[in-house]
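# Geometric and topological summary
Below are the chains, spelled out letter by letter.
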Amino acid sequence: MATLHHSSSDAALGKRRRSTHQTFIHTKTIGNVINKVKLPSNRELVDLPVSATVEQAFDLLLAEEILSLPVYRIKDNQKVYVTIVSVLDLLKLYASHTADSDFFEHPLGEAIGQTDESSRLVTVRPSDALSVVLELFSEHGAHRVLVQPDVAGQAPIFLSQMDLVKYLQAHNHQLGTILDTTVPTLVERGIERRHKPVDIDSITFKTTAVSAFVQLAKHPHINAVPIVDDDGVLVGDLSPEDLRGLNKPRLQQLDKPVLMFLKASHGDLFPPFTCHSRFTLSQLMASMVLRNARRLWWVDVDGLIKGIVTLTDVLGAFTDDDQ
């Protein structure tokens, strides 16, 4: 499997004067991000071999409260990382094996390639420019990367979109007027980067969990599905992370209506994280970091869904040259 590595070379912006946030970004490296948001005690990789079972992966993701983990093979008594497998990979694998009673015994390696992201391993280095990983996270479909050490013998470090948002939030006083961008503008520019709008297909609270997960697995762009009541008001959401900890004894819970499944899984029902049209980029970042939220549903005053703001949208705002 090929490993994609991006060098620290960065295209010049030309003679046009950089904005405040661009000046900040182009003076920072990935090493600066790591030193700020990845404390030494929080750098140890949580990983599994390709020979581990799907059930082991589900259990570890839940125990560590994470959404993905690097997968490796052993070569010459050394770990060789193959890719990063996420809960979305596991969900897509499950969706094609719903009738397989031995699904949880399948090797984790079968989940590799279920998404475009896990079909390759994306690596960067601490000396690479911050703009390199920012572009990977906002324009090339990556949600996490492995940072390969500059010093031989050191272990790689896992870096996610949330880590980068935390870093930018910690330096918001150095980012300028871009932070005043509001939700409608942010969503519109996200559509421009993707060259098409994202269709949001909601489900009702009466939908069974298994049907909802299968629907989610088939969606090419959205990693969560909103749950609405009979009036179309947002009452919850479902994402691949809600599958963490799934095992054979818990399979029967998937036949429950989705809200009952969520309550059984989490012990309670929690309101979905939302934002409104007047939310600024600064407020979005603060909300996401405070709540550890990977998405905010954009709703109107009546609770009807207008769109979604993801970490990709937030990070993408900092790659736009016209702000």
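Okay, so let's go over this structure. (Residues numbered from 1 in each chain as written. Predicted model: local features only at pLDDT ≥ 70, side-chain atom pairs only at ≥ 80, totals over all residues. Heavy atoms only, no water.)

## Here we look at the pairing of strand β7 (residues 157–160)
It is a general feature of regular strands that their side chains alternate between the two faces of the sheet. The condition that has to hold: Burial classes follow relative accessibility: with a 1.4 Å probe on protein chains only, a residue under 20% of its type's maximum area counts as buried, one over 50% as exposed, and anything between as partly exposed. Secondary structure elements are defined from DSSP: runs of H or I of at least 4 residues count as helices, runs of E of at least 2 residues count as strands, and each element is numbered from the N terminus. Pairing between two strands requires that DSSP report at least two bridges joining them.
Here β7 shows a buried face lined by I157 and L159 and a second buried face lined by F158 and S160. Relative to β7, strand β6 (residues 144–147) runs antiparallel, the two being bridged by four bridges. Within β7, the residue paired with L146 across the bridge is F158.

## Focus on the packing of helix α2 (residues 30–37) against helix α6 (residues 161–170)
So the rule is basically this: Only the stretch in contact is used when fitting a helix axis, every axis being a line fitted to C-alpha atoms; angles between N-to-C directions are given from 0 to 180 degrees. Oblique is the label for every angle not falling under 35 degrees (roughly parallel), over 145 degrees (roughly antiparallel), or within 65 to 115 degrees (roughly perpendicular). Should any heavy atoms of two residues lie within 4.5 Å, those residues are counted as being in contact.
Where α2 meets α6, the axes come as close as 10 Å, and the angle between the chain directions of the two elements is 85°. It follows from the interaxial angle that α2 and α6 lie roughly perpendicular. The residues of α6 that touch α2, namely those facing N32, V33, K36 and V37, are D163, L164, K166, Y167 and A170.

## Quick notes on the pattern of salt bridges
Just so we agree on the cut-off: Only one rule defines a salt bridge in this text: a Lys or Arg side-chain nitrogen within 4 Å of an Asp or Glu carboxyl oxygen.
Under the defined criterion, the tally for this structure stands at six salt bridges. The shortest N-O distance in the salt bridge between K79 and D47 comes to 3.1 Å. Taken together, the positions of K79 in strand β4 (residues 78–86) and D47 in the loop between α2 and β2 (48–49) put the pair 32 residues apart, joining distant regions of the chain. The class of K79 is partly exposed, set by a relative accessible area of 41%. Judged by relative accessible area, which is 13%, D47 ranks as buried. Measuring nitrogen to oxygen at the nearest pair gives 3.9 Å for the salt bridge that ties D237 to R295. In this pair, D237 sits in strand β10 (residues 234–238) while R295 sits in strand β12 (residues 295–299), placing the two residues 58 residues apart along the sequence. Per residue, the accessibility class of D237 equals that of R295, and both read buried. Taken together, the salt bridges that share partners define one network made up of D237, E241 and R295.

## Side note on the packing of aromatic side chains
Here is the rule: When two rings of Phe, Tyr or Trp (its six-membered ring) have centres within 6.5 Å they constitute a pair, described as stacked for plane angles under 30 degrees, edge-to-face for angles over 60, and tilted for the intermediate range. Two conditions define a charge sitting above a ring: the NZ of Lys or the CZ of Arg must be within 6 Å of the ring centre, and it must be within 35 degrees of the ring normal.
Across all of its chains, the model carries six aromatic pairs by this definition. Where Y72 meets Y81, the ring centres are 6.0 Å apart and the plane angle is 75°; that geometry is what we call edge-to-face. In this pair, the class of Y72 matches that of Y81, namely buried. Three or more aromatic residues joined by ring pairs make a cluster, and in this case those are F58, Y94, F103 and F104. The cationic tip of K79 hangs over the ring face of Y72; the distance from NZ or CZ to the ring centre is 4.7 Å.

## Side note on the sheet that holds strand β9 (residues 225–228)
Read from one edge of the open sheet, three strands run β8-β9-β10, paired in mixed fashion. Of all the strands in the sheet, just β8 (203–204) and β10 have a single pairing partner and so form its edges. The strands touched by helix α8 (residues 209–218) are β8, β9 and β10; relative to β10, the strand with the most contacts, the crossing angle is about 70°.

## Observations concerning unusual backbone geometry
Phi angles above zero are rare outside glycine, and N77 is one such case at about 65°. With respect to the helices, strands and loops of the structure, N77 is situated in the loop between β3 (68–75) and β4. Take N77: its relative accessible area is 74%, and that puts it in the exposed class.

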